[in-house]
Every structure is written in structure tokens, then in C-alpha cells.
Amino acid sequence: MGSLGEIAPEETSNKPPGIKFVEHIKKSPISFKTHQVIVLIVTFLAYASYHAARKTTSVVKSSLDPQSQDLGLKFAPWRITYLQSPPETRKLSWAPEDGWAPFSGSDGTALLGELDVAFLAVYAMGMYFSGHLGDRLDLRIFLTVGMVGTGVFTSLFGLGYWGNIHSFYYFLIIQMAAGLFQSTGWPSVVAVVGKWFGKKKRGLIMGIWNAHTSIGNITGSLVASVLLSYGWGWSFVVPGVLITFFGLVVFFFLPVSPEAVGADEDEDEDEPQSPKKIGEALEVPFLRSEKMGNKDKAVGFIEAWKIPGVAPFALCLFFAKLVAYTFLYWLPFYISHTAIDGKYLSNETAGNLSTLFDVGGVVGGILAGHISDRLNARAITAASFMYCAIPALFFYRSYGHLSLPLNIFFMFITGMFVNGPYALITTAVSADLGTHSSLKGNSRALATVTAIIDGTGSVGAAIGPLLTGYISTKSWSLVFTMLMGAALIAGLFLTRLVVCEVTEKIEESRSQGGSPATRSSSPIDEV
């Protein structure tokens, strides 16, 4: 009955067309382990393509708005030729140093900041609804629609170049629609992975899988930077086509659950029903199996806030993502407007250089997860990384412009300490709190808990880039002061949990002389 050889008609009807075709060619069913590998690869590529499409805006910023500003250093003048040139010479006579109206005006930087906050605000609100819908719809279809929609609106932004469109509201509406479709990504991929991998598979597999966010950012930066010299529109259209292509890959090859493809769950020792949070940006609901029925009562929104540890980590993530997303959207712009060793880098070079921040983020995320596992201390690890981010930010701003090697070194270190706690909270911490001991085994709290944590964090992600758009017109030193203050506040929100974990460690060390204290839960459970 549960074997791969005997599959019910309703199960085969839910099989992705690509899986059916491969099995037809092989003349034998695909194994459970092979399905798991397919899930990891397809969901990794899917969410990486989401971030690649999201990253393009930050790379193109410096070309849309190349005006000179007082950034706390002496800057050479930049040409703004669009408004100064006669109308007949404006159409498609764009060069990277020309800028693009309406962003080439004196308020261009602020307008770009407004685009960011519009995108992220819709994204933050959309994630709650996307998680709710994802539990009730076919995730393969839902994710495909989200990816194709993201590709369409990302490309429409770029088509403004060939259409010679200079209306701010056109770009604003496009970004808001893109944010709505982008919100489908995280809930869907996490729900699918949660169906195929249980708690025992969460460690190394999820740590590596979580790198999709940074890999997507790096890919988006490189692609957008290379294409920028051909016209900024290509920097949007190509990533848009790319995510559309991977959306089709999802449609043809993503098995959303063992039940959907008739796989035998007994082949895997773990229960593939435990939900998990992995990586960027959004937290998602638990995709429960039909067998569960109504055994557990879903935890309410207010009740979930009262779970010990949820509020501190949610507020910590608010400020952590404020810092992380400010770098995501403004780092290439900052680099191109900062004289490094007395020289200004081209927009393409600045976009390529900014990828080192994400490389540091990959290392930081894996390192934070490993340390917290070894210490069994999530709050201590997250708070320590946030406090270390403060001097990293200071040194990057103060000494990063002295030479290119120094800029690269401090950028990497900053990415490691900024993205480390961000990745930790959106993965292990969310999973821990979603199965908190106070819930007495109720597994239907994870969706609400993770939505609260990531939703709160995404609000901070929207505010950071918006404030940067305004503050950077006065001084980038003020921007970095804001980021250092945010990192400090993020760490302080975890103070009570840190004290709890330190107390627990002291009690453990004292008990080692007598009967060893055995613990099955994190100190977070005891707060």
C-alpha cells in the first residue's frame, strides 16, 4: 500500500509532470532519497532566484541617481544630463553617468528609498496571507504563480528603459506588485522542505540550504552589474526571465510532499512533517498532513506573542533586518559614491564588490548556527554577533575608503556579523519557539510564531532602506550611526534571555560534580 510500486490514482495525478516523465524513461519509480535531493535543489534554486531578482534594484540605484552628494567625504562632480539636455536627445541616449528621471533630480535618492519601502511594506504584509494560502492550495502551483509573477513585474520595471518611462508612480506600482508576488516564496519553500525533512535533518542540511539567500544576492549583483553597461533595463529583464524559468522548473519537477508522489515515508527515519524556517526573509506556516485532522487547536495571534522568547526575538529581528536590508539595497550605491584610495569605482565594479558582503553572510549564518548548536545558547550567540557588528560597522565606515583590500576585509566581516544573527533567528530560533514547551506538544503554533517573528523583522527591513534614502543625502556617517544604534538595540532586546542562558550554564557547571543535569530543551523553553 505504501510502496512506490502501488500508487493511488489521486497520488499520481498530483505528481509533477517532470517526475512522471523521468519515471517513464527509467521505467521505475524514483526513490524517496532522490525525491529529497530534488526538493533541496529545486527549492534552493527557487529562493535564490527570488533574491537575485530582488537584488537588482540596489545595483541599478547608482546609475539611476548618479548625482553628487555630500557623503561625509569630498566627492568629484557627477553629470546629470537628462534635465539639461534638449528633449529630442533624451530618448534612449542614456549613459551610466546620465541618471534617469525622476531619480536623477535632487530628490532622487529619497525617491529610490520610497521604492524600497513600498516593496518591503507590501512584502511584509503579503507574507502573512501567503502563508495562510500556502496551507490551503497546491504549493507547486502557488509557488509557480509567485515566481512567474515576480519575473513579469521585475521585467516590467526594466521595460521602463526602452519605453522611455519617467513616471515615478509607474515604478512605484511595479515595485509594490513585485513585493506582493515575492512574498509567496518563503512560505512555500519552507513548507515543502518541512514536509520532506524532520527535525533530525535540520542541522547541516538546513545550514547549507540557508545559503540560497546570499547566493541569490551574489548572483543578482553579478548579473545586474555585467548587464548595466548595455542599459539598465537589461539588469531587470534578465533576472526576471531567470526567475520565470525556474518557476517553470518548479512546476515540472517539485514534489510538494511524500503523499503527493506516493513515496513511502517509512524509508526515512525522520518525520517529514516538522516545519522549519530557513534563510531570508519570511517565515511561514506549517503545512500539515491530512492525517493530523483537527487534533491540535491553532494558536491565536495574541497567544503566540505571549510564548516566552517570541517578543524579544521578534523585536531583535526588527533591528537586525533593518541593518541587513539597508546593506542589501544601498551597499552598491554607497560603494560607487565613496572614493576608495582616492578613486571612484564604476557602477559595475561596485555591484560586483558588494557581493563580498553576502559571502561574509554565508559564513556568518553557518558559523552562528554551529556555535549556537554547540553551546545550546541561541540568545547568547545572536546577541554576541549583534554587538560585534557595531565595531565592524564603525571600522568599515571609518577605514574602508583608505584602500580596496581594507574595504573588502571590513565588508566581509560586517556581512558575517550582520547576517549571522539574522539567519540564526529565522531558522533555528523560529523552529525552537514554534515548538516551545509551553505549547504542550501543539505543533500548530509554528506558523503563527514564525509569521510574527519574520513579519516584525520585515517591517524593520522596510524602514531601514527608507530612512537611508533620506539620511544619506545629508551624510553617510549618520546612516552608519543609525545602523550601529540599531545593532545595539537588537542585542539589548535579548538581554533577559542572555541572562537566563548564562544562569543555566553556571548551574550546569556546578552540577557536574554531582549528578549531571540532563536537558532536553533549550534555555529558551525555561524563560
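What you see is a predicted model, and the numbers here were worked out from it, not measured in a lab.

## Thoughts on the overall build of the chain
Then step 1. A tally of regular secondary structure across the chain gives 20 helices and zero strands.
Then step 2. Going through the 527 residues of the chain one by one, you find that 59% of them count as buried.
Then step 3. Partitioning the intrachain contacts of the chain with sequence separation of at least 6 by distance along the chain shows that 84% fall at a separation of at least 24.
Then step 4. A total accessible area of about 20,600 Å² is found for the chain, and carbon and sulfur atoms account for 67% of it.

## A word on the pattern of salt bridges
Then step 1. Tallying each qualifying case throughout the model produces two salt bridges.
Then step 2. Glu-23 is the partner of Lys-15 in a salt bridge, and the nearest nitrogen-oxygen pair spans 2.5 Å. In this structure, Lys-15 and Glu-23 share a single accessibility class: buried.
Then step 3. For the salt bridge of Asp-116 with Lys-61, the shortest nitrogen-to-oxygen distance reads 2.7 Å. One end of the pair, Asp-116, is in helix H4 (residues 108-134); the other, Lys-61, is in helix H3 (residues 32-64), and 55 residues separate them in sequence. Note on accessibility: Asp-116 and Lys-61 belong to one class, buried.

## Examining the nonpolar core
Then step 1. One finds Trp-232, Phe-327, Ile-335 and Tyr-396 to be the most contacted residues of the largest nonpolar core, which totals 82 residues.
Then step 2. Per-element tally for this core: the top contributor is helix H13 (residues 310-336), with 20 residues.
Then step 3. Setting aside residues no more than four positions away along its own chain, Phe-327 makes contact with Lys-55, Pro-332, Phe-357, Leu-393, Tyr-396, Thr-414, Phe-480 and Leu-483.
Then step 4. Grouped together as the second largest cluster of nonpolar side chains are 32 residues, Leu-139, Ala-191, Val-192 and Ile-243 included.

## Comments concerning a nonpolar patch on the surface
Then step 1. A surface patch of nonpolar side chains, amounting to about 490 Å² of accessible area, comprises Leu-159, Trp-162, Tyr-230, Trp-234 and Val-238.
Then step 2. With respect to the helices and strands, the residue Tyr-230 is situated in the loop between helix H9 (212-228) and helix H10 (234-253).
Then step 3. Judged by relative accessible area, which is 59%, Tyr-230 ranks as exposed.

## Concerning the environment of Ala-377
Then step 1. For Ala-377, the position within the fold is in the loop between helix H15 (355-375) and helix H16 (378-399).
Then step 2. Sequence spacing of Ala-377 and Cys-500 is 123 residues, and the spatial spacing of their C-alpha atoms is 9.7 Å.
Then step 3. Ignoring sequence-local partners within four residues, the contact set of Ala-377 consists of Ser-372, Glu-501 and Lys-505.

## Brief notes about the confidence of the model for the chain
Then step 1. Summarising the model, the chain shows a mean pLDDT of 77, and 74% of its residues fall at 70 or more.
Then step 2. Every residue in residues 68-93 scores below 50 in pLDDT, and together they form 51 contacts with partners more than four places removed in sequence or on other chains.
Then step 3. Within the model, the stretch residues 266-295 combines pLDDT values under 50 with 134 contacts to residues more than four positions away or in other chains.

## Focus on helix H5 (residues 139-162)
Then step 1. The end-to-end C-alpha separation of H5 is 35 Å, in line with the 34 Å expected for 24 residues at 1.5 Å each.
Then step 2. Its side-chain oxygen 2.9 Å from the backbone nitrogen of Arg-140, Asp-138 forms the N-cap of H5.
Then step 3. Phi for Asn-164, located one or two positions after H5, is positive at around 55 degrees.

## Let's talk about helix H6 (residues 168-182)
Then step 1. Taking 1.5 Å per residue as the helical rise, H6 with its 15 residues ought to reach 21 Å, and the 21 Å between its terminal C-alpha atoms agrees with that figure.
Then step 2. Listed as buried for H6 are Phe-168, Phe-171, Leu-172, Ile-174, Gln-175, Ala-177, Ala-178, Gly-179 and Gln-182.

## Looking at the packing of aromatic side chains
Then step 1. A complete count under the given rule lists 36 aromatic pairs for this structure.
Then step 2. The rings of Trp-100, Phe-103, Phe-157, Tyr-161, Trp-162, Phe-168, Tyr-169, Tyr-170, Phe-171, Trp-232, Trp-234 and Phe-236 are connected pair by pair, giving a single aromatic cluster.
Then step 3. Stacked on the ring of Trp-330, the Lys or Arg Lys-61 has its end atom at 4.5 Å from the ring centre.
Then step 4. The aromatic ring of Phe-251 is capped on one face by Arg-140, whose charged end is 4.9 Å from the ring centroid.

## Some remarks on the environment of Ser-257
Then step 1. Secondary-structure assignment places Ser-257 in the loop between H10 and helix H11 (258-261).
Then step 2. Judged by its relative accessible area of 9%, Ser-257 falls in the buried class.
Then step 3. It is 6.3 Å that separates the C-alpha atoms of Ser-257 and Trp-196, two residues lying 61 residues apart in sequence.
Then step 4. Beyond its immediate sequence surroundings of up to four residues, Ser-257 is in contact with Lys-195 and Trp-196.

## Overview of the side chain of Asn-217
Then step 1. Position of Asn-217 among the secondary structure elements: in helix H9.
Then step 2. With relative accessibility at 4%, the residue Asn-217 sits in the buried group.
Then step 3. In terms of polar contacts, Asn-217 uses its side chain to reach the side chain of His-51, at 2.9 Å.

## Thoughts on the side chain of Ser-372
Then step 1. Residue position: Ser-372 is located in helix H15.
Then step 2. Relative accessible area serves as the criterion here: at 1%, Ser-372 is assigned to the buried category.
Then step 3. One polar contact links the side chain of Ser-372 to the main-chain carbonyl oxygen of Gly-369, over a distance of 3.0 Å.
Then step 4. With sequence-adjacent residues up to four places away left out, Ser-372 is seen in contact with Ala-377, Arg-378, Thr-381 and Leu-424.

## Describing the packing of H15 against H16
Working note: a packed helix pair is described by the angle between its axes plus the distance between those axes.
Then step 1. Where H15 contacts H16, the axes come no closer than 8 Å and their chain directions differ by 145 degrees. Handedness of the H15/H16 crossing: right-handed. On H16, the residues touching Gly-364, Leu-367, Ala-368, Gly-369, Ile-371, Ser-372 and Asp-373 of H15 are Arg-378, Thr-381 and Phe-385.
Then step 2. When its residues are assigned to classes, the contact of H15 with H16 shows four nonpolar, four polar and two charged.

Here is what the cut-offs are and how they apply
Residues numbered from 1 in each chain as written. Predicted model: local features only at pLDDT ≥ 70, side-chain atom pairs only at ≥ 80, totals over all residues. Heavy atoms only, no water. Helix = DSSP H or I, 4+ residues; strand = E, 2+ residues; numbered from the N terminus. Buried < 20%, exposed > 50% of the residue type's maximum accessible area, 1.4 Å probe, protein only. Contact = heavy atoms within 4.5 Å. Areas by Shrake-Rupley, 256 points an atom, 1.4 Å probe, with all protein chains shown as cover. Salt bridge = Lys/Arg side-chain N within 4 Å of Asp/Glu carboxyl O. Core = buried A, V, L, I, M, F, W, Y, C linked by side-chain atoms within 4.5 Å. Patch = residues over 30% accessible without salt bridge, like charges linked within 9 Å, V, L, I, M, F, W, Y side chains within 5 Å. pLDDT = per-residue confidence, 0-100. Expected span 1.5 Å × (residues − 1). Polar contact = N/O pair within 3.5 Å; in protein donor to acceptor, adjacent residues only side chain to side chain. Phe/Tyr/Trp six-rings, centres within 6.5 Å; stacked < 30°, edge-to-face > 60°. Lys NZ or Arg CZ within 6 Å of the ring centre and 35° of its normal. Axes fitted to C-alpha atoms, helices over the stretch in contact; angles between N-to-C directions. Left-handed = near helix turned anticlockwise from the far one by under 90°. Nonpolar A, V, L, I, M, F, W, Y, C, P; charged D, E, K, R; others polar.

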